[in-house]
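Report on the structure
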Amino acid sequence: MPLILALDQGTTSSRSLLFDEKGAIVGMAQKEFKQYYPQPGWVEHDAHEIWESQFATLAEALAKARIDPHQIAAIGITNQRETTVVWNKTTGEPIAPAIVWQDRRTASYCDELREQGKAPLLQQKTGLILDAYFSATKLKWILDMTPGARQQAAAGELAFGTIDTWLIYKLTKGAVHATDVSNASRTMLFNIHTLQWDSELLELFDIPASVLPSVKPSSGIIGECTVIPGTRIPIAGVAGDQQSALFGQLCTEEGMVKNTYGTGCFMLMNTGQQAIVSHHQLLTTIAWQIDGKTTYALEGSVFIGGAVVQWLRDELKVINSAPDIEKLAASVKSTDGVYVVPAFTGLGAPHWNAHARGAVFGITRGTNHAHIARAALDSIAYQSADLLKCMQADAHIPIRELRVDGGATANDMLMQFQSDLLDCNVVRPVITETTAMGAAFLAGLGVGIWKDQQAIATCWKTARTFEPQLPDQDRAQLVKGWQRAVKATIAWAGDQPN
Ligand code: ADP
C-alpha cells in the first residue's frame, strides 16, 4: 500500500505524518525547536534547526511506524508562512537568521510605505494588507542589513525562500529552488492575478529577481527528495499551512469555509476562481493551483481565540487545564448578560483597532468566575462569527456549513454556540490533522494515488455535526449585546493617546 509523507513545518515545532491512501494516519513524530527573541518585537529561527528538526521527525516517523521508505509514494510539504530565509546558492549556508512571520522589525518601514500611499497598489496586486507580517520587507531587511548581501545578490549568489522553499532545497540536496503559488502569494512580491513575480513590486522593495524561487502549482512533482538513502521520492504537494488546512478539510468548492481554533483562529473561505478584493481588510490569497486552475480564498484571523482560555488558566487561575473550561462554563445556565471582549492585543476585522484592550461588561453582584469563563468561551465564537460576516459581505456567497479544526474544537459547548450564532451547521471531522492532511492530499493527487479531488472525498469523514438550536430572537439579542460590548471597548480605546 503506498504511503504519503506529509512534512508539517510549524512556527514552534516540526512534524512528520504518514498517511495511507484511505487518509488514515499510520505514523507521526514531532519535535520542537528554538525561538529567538533578540530584541523586543523581533522573532527569529535558525534555518538549520528547522531543517534538522524536520529531518529528525521524518526519520523518527518512519522508524516508529516500521516503514520501508520505498513505500513512500510522495512527499507533501506544508509550512509556517511568510517566514523568510536567505542563503548562499553555492554553499547552502543561510546568510542570516530566518525572520519569522511574527517579527515586527519592519513595521516602521511599512508605515513609511503607507504614508507614501502604497497600500492600495499592494492590495490590488497581491491581495495583502500592507504589513510587516509578509516576506517582502523581511527580505529587504536581510539584504540591506547583512554585510555584503547586496553585492552577493547582485552577483546572483543568493537564494530567497519561505520555509517550503528552504525544505525543498534541503530535501533535493540543493537541486531545486522553488515555491508553490500559495506560499508565493504571501510574499507581497507576487501578483496574484498574473501569477508572476511583479517587477514593479520588486523595484519598490529593491529585490533582485535573481534571488527568487520559481513558482509551481501546489500539486504535481516539484523535485525529488534524495536525502533518504536508496530512495528518490517525488515532492508532489506544497501549500502554506492555512491553505493546506482548507484543502485538508476538502473545502474545494466555492463558498466552503474552514475555521481553525488554536491560540488564534484562522478562517478561510474558498472563493473559487475569483480573487475577491475585501472591503473589510481581509486578505485575498491564492488557495492552491491544481491542473492549471487557480483557486482563491479570503482569509481573516481572530487574534485571541484559545488564548482567552489560556488567560483564564494562567492569569485568572480559574481552571487548571484548558479542557476544564467546558465543565466550569456549563455550571451556569447562561453568562447572565456578561460579555468578555478579549481585545488583549487590539481588535481585528471588522473593527481594526490596535489600541483596544480587553474588557468585561455586565458584571452584577451575582457574577462569578463561571459566568466570566462562559462569556470568555463565547467570545471565541462571537469573534469568529464577526469574521464570517465580513467574508460573506465581501464575497456575496452563501454559507452552507463551517468546517472546524484546531485544539479548541474539542469543546462541544463552544462548537454548539458557534453553530447557534451562525445559524448554520458546524462540522468537526474525524481527523483534525487537517493541515498535514491537505499536504498529503495535494501530494497524493500530484502522483496519481487519487485520480481527482472526488476520489479523495472518502478520506474525509464527519465526526460530529453541530446544528443550530437557538431561536432567532435569542440569537439577535445575544449578538446585540456583543456588539454593544465591542462598541464600548472601542470607545474606551478612543481616549488613548496614539
Ligand atoms: P496552536 O496550534 O495555536 O498552538 P492548538 O490547535 O494546539 O493551537 O490549540 C490550542 C488552543 O486551544 C489553546 O489556546 C487552548 O487554550 C485551546 N484549547 C484546548 N483545549 C480546549 C478546550 N477543551 N476548550 C477550549 N479551548 C481549548
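Here, every reference points to the structure presented above.
Residue indices follow the written sequence of each chain, beginning from 1 at its first position. The predicted origin of the model limits local features to residues at a pLDDT of at least 70 and limits the giving and counting of side-chain atom pairs to 80 or more, whereas totals for whole chains, interfaces and linings rest on all residues. As a rule here, side-chain values come from all non-hydrogen atoms in the structure, and water together with hydrogens is ignored.

It is worth spelling out helix α13 (residues 412-422) at this point. Of all 11 residues in α13, 10 are buried; the element is thus mostly enclosed. Taken together, the buried positions of α13 are Met413, Leu414, Met415, Gln416, Phe417, Gln418, Ser419, Asp420, Leu421 and Leu422. In protein, a polar contact requires one atom able to donate a hydrogen and another able to accept it; more generally it is a pair of N or O atoms within 3.5 Å, and residues adjacent in sequence count only if both atoms are side-chain atoms. What counts as a helix is a DSSP run of H or I of at least four residues, what counts as a strand is a run of E of at least two, and both are numbered from the N terminus. Residue Asn411 occupies the N-cap position of α13, its side-chain oxygen lying 3.1 Å from the main-chain nitrogen of Met413. A simple rule labels every residue: compare its accessible area, found with a 1.4 Å probe on the protein chains alone, to the largest value its type can have, and call it buried under 20%, exposed over 50%, or partly exposed in between.

Moving on, we get to the packing of helix α12 (residues 369-395) against α13. Describing two packed helices takes the angle between their axes plus the distance from one axis to the other. Between the N-to-C directions of two axes lies an angle of 0 to 180 degrees, each axis being a line fitted to C-alpha atoms and, for a helix, fitted only over the stretch in contact. Remark: α12 packs on α13, axes separated minimally by 9 Å, with the N-to-C direction vectors making an angle of 40 degrees. Classed by the angle they form, the pair α12 and α13 counts as oblique. Seen along the crossing, α12 lies across α13 with a hand that is right-handed. Taken together, the residues of α13 that come into contact with α12 (itself represented by Arg374, Leu377, Asp378, Ile380, Ala381, Tyr382, Ser384, Ala385 and Leu388) are Met413, Leu414, Phe417, Gln418, Leu421 and Leu422. Residue classes in the contact of α12 with α13 are distributed as 11 nonpolar, 2 polar and 2 charged. Should an angle fall under 35 degrees it is called roughly parallel, over 145 degrees roughly antiparallel, and 65 to 115 degrees roughly perpendicular, with every other angle called oblique. Crossings are assigned a handedness: left-handed for a near helix turned anticlockwise from the far helix by less than a right angle, right-handed for a clockwise turn. Here a residue-residue contact requires only that any non-hydrogen atoms of the pair lie within 4.5 Å. As a working rule, the residues Ala, Val, Leu, Ile, Met, Phe, Trp, Tyr, Cys and Pro are called nonpolar, Asp, Glu, Lys and Arg charged, and the rest polar, with Gly in that last group.

In this section: unusual backbone geometry. Here the residue pair Ala349 and Pro350 is connected by a cis peptide bond, since its omega of 0 degrees sits within 30 degrees of zero. Looking at the secondary structure, you find Pro350 in the loop between β19 (339-341) and β20 (359-361). Positive phi values are uncommon outside glycine, yet Lys173 reaches one of about 50 degrees. Inspection of the secondary structure assignment puts Lys173 in the loop between α6 (163-171) and β9 (178-180). Overall, Lys173 belongs to the exposed group, its relative accessible area being 61%. A positive phi angle, near 55 degrees, is found at Lys317, a position not held by glycine. Mapping Lys317 onto the fold places it in the loop between α10 (307-314) and α11 (324-330). Residue class for Lys317 comes out exposed when judged on its relative accessible area of 63%.

The criterion for an aromatic pair is that two Phe, Tyr or Trp rings (for Trp, the six-membered ring) have centres within 6.5 Å, with stacked assigned to planes under 30 degrees apart, edge-to-face to planes over 60 apart and tilted to the rest. On inspection of all chains with the given rule, the structure shows 16 aromatic pairs. With centroids separated by 4.8 Å and ring planes inclined at 75 degrees, the aromatic side chains of Phe247 and Trp288 adopt a geometry described as edge-to-face. With a gap of 41 residues between them, Phe247 in helix α9 (residues 241-248) and Trp288 in strand β17 (residues 283-290) connect regions that are remote in the sequence. Residue Phe247 is classed as buried on the basis of its relative accessible area of 0%. Relative accessible area serves as the criterion here: at 3%, Trp288 is assigned to the buried category. Taken together, a centroid distance of 5.2 Å and an interplanar angle of 55 degrees make the contact between Trp311 and Phe344 tilted. Separated by 33 residues along the polypeptide, Trp311 in helix α10 and Phe344 in the loop between β19 and β20 bring together distant segments of the chain. Given a relative accessible area of 28%, Phe344 falls into the partly exposed group. Three or more aromatic residues link up through ring pairs in this structure, and these residues are Tyr339, Tyr382, Phe417 and Trp482. Sitting over the ring of Trp42, Arg105 keeps its end group 3.7 Å from the ring centre. Arg403 extends its terminal NZ or CZ atom over the ring of Trp460, reaching a point 3.8 Å from the ring centre. The criterion is that NZ of a Lys, or CZ of an Arg, lies within 6 Å of the ring centre and within 35 degrees of the ring normal, and then a charge sits over that ring.

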